[in-house]
Amino acid sequence: MNAIDHSVFHSPGYFIRAATAAWEKAGAATLRHRVFVEEQKLFPVHDRDGIDGDCTSLVALSTYAHEADEVVGTVRIHEERPGLWWGSRLAVDSRFRHVGRLGRELIRLAVSTANGRGCHTFLAHVQAQNVEMFRHLSWDVEDEVVLHGMVHARMRADLAAYPPIADPQAGFLALAKRTAPPPAIAW
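Reading guide: rules and limits
- Residues numbered from 1 in each chain as written.
- Predicted model: local features only at pLDDT ≥ 70, side-chain atom pairs only at ≥ 80, totals over all residues.
- Heavy atoms only, no water.
- Pairing = 2+ DSSP bridges.
- Helix = DSSP H or I, 4+ residues; strand = E, 2+ residues; numbered from the N terminus.
- Axes fitted to C-alpha atoms, helices over the stretch in contact; angles between N-to-C directions.
- Contact = heavy atoms within 4.5 Å.
- Phe/Tyr/Trp six-rings, centres within 6.5 Å; stacked < 30°, edge-to-face > 60°.
- Buried < 20%, exposed > 50% of the residue type's maximum accessible area, 1.4 Å probe, protein only.

Colleague: What am I meant to see in the sheet that holds strand E8 (residues 172-175) here?
Modeller: Backbone hydrogen bonds are what pair the strands of a sheet, in a parallel or an antiparallel way. Spatially, E6-E7-E5-E4-E3-E2-E1-E8 is the arrangement adopted by the eight strands of the open sheet, whose pairing is mixed. At either margin of the open sheet sits one strand with a lone partner, and together these are strand E6 (139-147) and E8. Put simply, the sheet's adjacent strands are angled 25° from each other on average, direction ignored. On top of the sheet, helix H2 (residues 102-116) reaches strand E1 (13-18), strand E2 (56-64), strand E3 (67-81), strand E4 (84-92), strand E5 (121-127), E6, strand E7 (150-157) and E8; it is set at about 40° to E3, its chief contact.

Colleague: It is not clear to me how the pairing of E3 should be interpreted in this structure. Could you clarify?
Modeller: Within a regular beta strand, the side chains point alternately toward one face of the sheet and then the other, so they alternate between its two faces. Note that E2 and E3 share nine bridges and pair antiparallel. Bridge pairing in E3 links Leu61 to Val71. Once E2 ends, the chain turns through two residues before running back antiparallel as E3, passing Ala65 with a positive phi of about 55°. For E3 and E4, the ladder comprises seven bridges, and the chain directions are antiparallel. Paired with Glu79 across the bridge in E4 is Trp85. Turn length for the E3-E4 hairpin, with the two strands adjacent in sequence and antiparallel, is two residues, and the turn residue Gly83 shows positive phi of about 90°.

Colleague: I tried to follow the packing of aromatic side chains on my own but got confused; where do I start?
Modeller: The description of an aromatic ring pair uses the distance of the two centres, along with the angle that the planes make with each other. Taken as a whole and judged by the stated rule, the model has three aromatic pairs. With 6.2 Å between their ring centres and 85° between their planes, Tyr14 and Phe96 make a pair best called edge-to-face. Taken together, the residues Tyr14 in strand E1 and Phe96 in the loop between E4 and H2 connect sequence positions 82 residues apart. Each member of the pair, Tyr14 as well as Phe96, carries the same accessibility label: buried. Seen in terms of ring centroids, Phe134 and Trp139 are 4.9 Å apart; in terms of plane orientation they differ by 85°. Their pairing is edge-to-face.

Listed below in structure tokens is the structure:
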């Protein structure tokens, strides 16, 4: 955890990239625990599983003075078999859900990264409350399933909407959306 009070300071931009540093990977694991164990109570102790050993973790990092500051969003991707990729454990810190695009940008990097690695099919189990967001991002519902006691839609991404990304470690900068115009400056 950092010393910045995010209720007062709002990051102007977020790095969206593959987690490479140890603090990024640890931050992603901590965020997943907060969201899936503590907040949603989908898992009693932890959300770790066999996929964690062979996946690519992607993160959204808040910035302070143009430097990565804190993991505020995460998703993981893995290749189940050649060409078949899955996205899972999409989580955004509750303090940053007002930003409104961190989840979307993580999804974009996830599918584009898999597309750059030879993906022909990209699937995810999406919680019911998030299905509309995924539909707006060129995903289709294939089936409905109950996982961990919660309704999910199995959804498929339209790969044509996600240009391949060869280097997810480089990622990109997503600028924060302003919800109100900036204050006038008096001289």
